[in-house]
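Understanding the architecture of this molecule
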Amino acid sequence: MNEAIIHFYPGGPLLALVGNPNCGKTALFNLLTGSRQKVANYAGVTVERKEGKLTTAAGKALRVLDLPGTYSLHPRSPDERVTHDVLYGRAKGEKRPDLVVCVVDATNLRRSLRLVLAVKRLGLPCVVAVNMQDLAKARGLTVNTAALARELGVPVVGTVGTKGGGDTELRTLLDDPSLWQRPASAAANTDAPPSHATDADHDTVRGILKRLALDELIPHTMSDRIDRVVLHPVFGPILLATVLFLIFQAVFSWSVAPMDAIKAASDWLGAMVGTLLPDTGVMGWVRSLIVDGVIAGAGGVVVFLPQIIILFFFILVLEESGYLPRAAFLLDRLMGGVGLSGRSFIPLLSSFACAIPGIMATRTIANPRDRLVTIMIAPLMTCSARLPVYALLIGAFIPRREVWGLLDLQGLVLFTLYVAGILGALLVAWVLKRFTTRGQARTLMMELPNYHLPNIRNVGIGLWQRVAIFMKRVGGVILVLTIALWFLASFPGAPEGATRPAIEYSLAGTLGRALAVVFEPIGFNWQISIALVPGLAAREVAVSSLGTVYALSATANDTAQALTPLIAQTWSLATALSLLAWYVFAPQCLSTLATIKRETNGWTMPLIVAGYLFALAYLASFVTYRVALAFGAGG
Ligand SMILES: Nc1nc2c(ncn2[C@@H]2O[C@H](COP(=O)(O)OP(=O)(O)OP(=O)(O)O)[C@@H](O)[C@H]2O)c(=O)[nH]1
Ligand SMILES: [Mg+2]
């Protein structure tokens, strides 16, 4: 894996945050540096090193690294290796830290302290931050930091990663110059491999906890009680299915009003600009570029913002609540059937947002074969860029009505498409299981964090970041490609006396017609064929492209109309279904392939993935189209 080696904050002493997964390193990092890195309630959220800058009260500038969580200094998975390499000074382009802040979870000192002992042996100056002080207090645990400091022989401070000012003690401590002196006795240790002192460490930790009167286990009864239902062999899976299903219902039924409002606003804008700008000469072209290119294209994508916000709201709430590892646990058996483990669940779930963070998250999977298979199937999870395409087609072809009095039919179809992606992924994993040896059966060891009420601020920040990403795509790649397509679809203009719309004589029209030969067997017309090409860069561009292509196809006598009714009139149901099937499988995203190349260190995997996904997409669309035709959906 190649980490980015750009230093945003060159110079200054380097401080690294190290600790077990889910102990609150990133929350603390955000407090210290003012960053907004992702924080969530499950192990393995951070999988690469992140950099930030901190200025202490005395004005000293420090570089701070947030690292993936690790259980020990013997890395078992690629994310743990990132932390290991930094601590041993082997990370490419990064110097060895000048100070290590060991973050420990006050409610789980037994395990956290073992890592502290191992880090201490590295010979780097180190301090301990006892995080989650608030949770410990709520459970009647008081960690005497002064006594712990005496036991460990390093400074210890208390922190609360989720509260403003929860890092004050740590910040103050960083101004102490004696902190940065390397312990002379251990200086020779810096390049030694991690020692295997685990048994002795175990005893040491037990002794420390005993002397601090912290050796009694205090069960977290609330989480345990919730888990009795959530992890129940019968109710658990029913609950999981219900939760997922309700999310899809909400995506459709809650978004109606805001989507209508955005659509009305964009129509109004188009009409306004249309009347303001003259329709002749150069201004006629400008008018067409703005109305048919920018507003019909990019505006057509912005409409789907409410659905994306609703989907992410639920994903963020699930991530913060601590439910995700439980879902992984419930699905472990099912995943075992196709040769994977519950470990793959969170990377695959992240892929519903976008395959890129999903593929990155596979770094938490220790088994290389499992990791590779998970990377291969991650693009089959329905990422949010597909949502506009699905929503457009569903809006055009599926009536807005209720089934059995309570279910929204459009939501039901959307759910089916998501399920189709999941089933496709399971099928591919199952086929791969035939061709690869799985090694010995592994039991799933996964931490079940305590349930939290989702922090409104975190959910708010997470949502805002998703909105920013989406709008940046609309204003960036989507807008640029839509404008490029407008040019290709407008020039060369129609010859004298042409009867058909000008677009049919343009470069894009010619290209679309050539491509249509390939796509004709699966029912795509030339307009779709054109839209698929820029859609390779970003899936939503297919929607904006269709908006532009159809806006330009409107002849003088039939005024341009909204895209949804237009495709409902001109496409057959069979074509729409075939395009949906195409989007379930096709690898229409170059950035995903680039990420696979980076994570697997070569071109082999991205080529294999692109190849098999295109083949699968064509096959699925072909079958869908033919079956739909046979059922009379071709009219
Ligand atoms: N109550 C409480 N919750 C905290 C505190 N610090 C972090 N959290 C929560 O603990 C969870 C884990 O926090 P993260 O910062 O993502 O943990 P991490 O150590 O970076 O985890 P990985 O990146 O997976 O290793 C999140 O739900 C945080 O909101 C704290 O001091 N008190
Ligand atoms: Mg983290």
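Residues numbered from 1 in each chain as written. Chains lettered and ligands numbered in written order. Predicted model: local features only at pLDDT ≥ 70, side-chain atom pairs only at ≥ 80, totals over all residues. Heavy atoms only, no water.

**Brief notes about the confidence of the model for the protein chain**
Defined as follows: Each residue carries a pLDDT score, the predictor's confidence in it, ranging from 0 to 100.
Mean pLDDT over the protein chain stands at 85; residues scoring 70 or higher make up 92%. Model confidence for the complex: the whole-complex pTM is 0.83, and ipTM, which rates the interface, is 0.99.

**Considering the side chain of Glu94**
Heads up, the rule is: A helix here means a DSSP run of H or I that spans at least four residues, while a strand means a run of E at least two residues long, and both kinds are numbered starting from the N terminus. Any N or O atom pair separated by 3.5 Å or less is treated as a polar contact, with the protein-specific requirement of one donor-capable and one acceptor-capable atom, and with residues adjacent in sequence counted only for side-chain atom pairs.
Looking at the secondary structure, you find Glu94 in the loop between α2 (78-87) and β4 (99-105). Within the structure, Glu94 has its side chain in polar contact with the side chain of Arg63 (distance 2.9 Å).

**Considering helix α25 (residues 590-600)**
Because an α-helix packs 3.6 residues into every turn, residues spaced three or four apart end up facing the same way. The condition is simple: Only protein chains enter the area calculation, which uses a 1.4 Å probe; residues under 20% of their type maximum are buried, those over 50% are exposed, and those in between are partly exposed. Think of the arc as the fan of directions from the helix axis to the C-beta atoms. In this analysis, two residues are considered to be in contact whenever any of their non-hydrogen atoms come within 4.5 Å of each other.
Taken together, the buried positions of α25 are Thr592, Leu593, Thr595, Ile596 and Glu599. Each buried residue of α25 lies within a common arc of 160° when the element is viewed along its axis, so the set occupies one face. On its buried side, α25 packs onto α15 (355-361), α16 (368-377) and α26 (604-630). Looking at the residues trailing α25, positive phi occurs at Asn601, about 60°.

**Some points on the packing of aromatic side chains**
Heads up, the condition is: Aromatic rings from Phe, Tyr and Trp, taking only the six-membered ring of Trp, are treated as a pair when their centres fall within 6.5 Å; an angle between ring planes under 30 degrees marks them as stacked, one over 60 as edge-to-face, and anything in between as tilted. In this scheme, Lys NZ or Arg CZ marks a charge over a ring once it lies within 6 Å of the ring centre and within 35 degrees of the ring normal.
Scanning the entire structure with this criterion turns up ten aromatic pairs. Relative to Phe314, the ring of Trp254 has its centre 5.6 Å away and its plane inclined at 45°; by these criteria the two rings are tilted. Of this pair, Trp254 sits in the loop between α9 (235-253) and α10 (256-276) while Phe314 sits in helix α12 (residues 305-321), placing them 60 residues apart in sequence. We classify Trp254 as exposed; its relative accessible area is 54%. The class of Phe314 is buried, set by a relative accessible area of 18%. Ring centres of Trp486 and Phe487 lie 4.9 Å apart, and the angle between their planes is 80°; on these two criteria the pair is classed as edge-to-face. Under the relative-accessibility criterion, Phe487 is labelled partly exposed at 42%. Of note, Arg513 hangs over the ring of Trp526, and the distance from its end group to the ring centre comes to 5.3 Å.

**Digging into the environment of Ala617**
If you trace the backbone, Ala617 turns up in helix α26. On the accessibility criterion, Ala617 (0% relative accessible area) is buried. Taking the C-alpha atoms as reference points, Ala617 and Ala581, 36 residues apart in sequence, are found 6.8 Å from one another. In this view, Ala617 contacts Trp582, Phe585 and Ala586; residues no more than four positions away in its chain are not counted.

**A short note on the coordination of the magnesium ion (ligand 2)**
Selection criterion: Donor atoms: N, O and S within 2.8 Å of the metal, or within 3.2 Å for Na, K and Ca. Because water is excluded, sites can look incomplete.
Around the magnesium ion (ligand 2), the protein contributes the donor atoms Thr26 (OG1) and Thr46 (OG1), which lie 2.0 Å from the metal centre. Of this pair, Thr26 sits in helix α1 (residues 25-33) while Thr46 sits in the loop between α1 and β2 (50-55); the two residues are 20 residues apart in sequence, bridging distant segments of the chain. Each member of the pair, Thr26 as well as Thr46, is classed as buried.

**Focus on the sheet that holds strand β5 (residues 126-131)**
Picture the strands of a sheet paired through backbone hydrogen bonds; they go either parallel or antiparallel. The criterion, for reference: Strand pairing is assigned whenever DSSP detects at least two bridges linking the two strands. To obtain each axis, a line is fitted to C-alpha atoms, and for helices this fit is confined to the stretch in contact; angles are then taken between N-to-C directions over 0 to 180 degrees.
Strand order across the open sheet formed by six strands is β2-β3-β1-β4-β5-β6, with mixed pairing between neighbours. Each having just a single partner strand, β2 and β6 (156-158) make up the two edges of the open sheet. Looking at each pair of strands side by side, their axes are set apart by 25° on average, direction ignored.

**Observations regarding the site of ligand 1**
Counted only if it meets this: Here a residue counts as near a molecule or strand whenever at least one of its heavy atoms sits within 4 Å of it. Only the protein chains shown count as cover for residues, and all accessible areas are computed by the Shrake-Rupley method using a 1.4 Å probe.
Around ligand 1 there are 26 residues in total, and Lys25, Thr26, Gly44, Thr46 and Gly161 lie nearest to it. For ligand 1, an oxygen atom lies 2.9 Å from a polar atom in the backbone of Gly24. At 2.7 Å, a side-chain N or O of Thr46 approaches an oxygen atom of ligand 1. Protein chains shield 97% of the accessible area of ligand 1, which is 650 Å² for the free molecule.

**So, unusual backbone geometry**
One non-glycine residue, Met132, lies in positive phi territory at about 60°. Examined against the element boundaries, Met132 turns out to sit in the loop between β5 and α4 (133-138). Even without glycine at this site, Ala213 takes up a positive phi of about 60°. Within the secondary structure layout, Ala213 lies in the loop between α7 (198-211) and α8 (221-230).

**What to know about the pairing of β4**
In regular strands, side chains alternate between the two faces of the sheet. Under the convention used in this document: Note on handedness: a crossover is taken as right-handed if, strands pointing away from the viewer, the path from the first strand over the helix to the second is clockwise.
The buried fraction of β4 is high, at seven of seven residues. Along β4, one buried face is formed by Leu99, Val101, Val103 and Asp105 and the opposite face, lined by Val100, Cys102 and Val104, is buried too. Relative to β5, β4 runs parallel, the two being bridged by six bridges. Each bridged residue has a counterpart across the sheet, and for Asp105 the counterpart in β5 is Asn131. Of the crossover connections in this fold, the one passing from β4 over helix α3 (residues 109-120) to the parallel β5 is right-handed.

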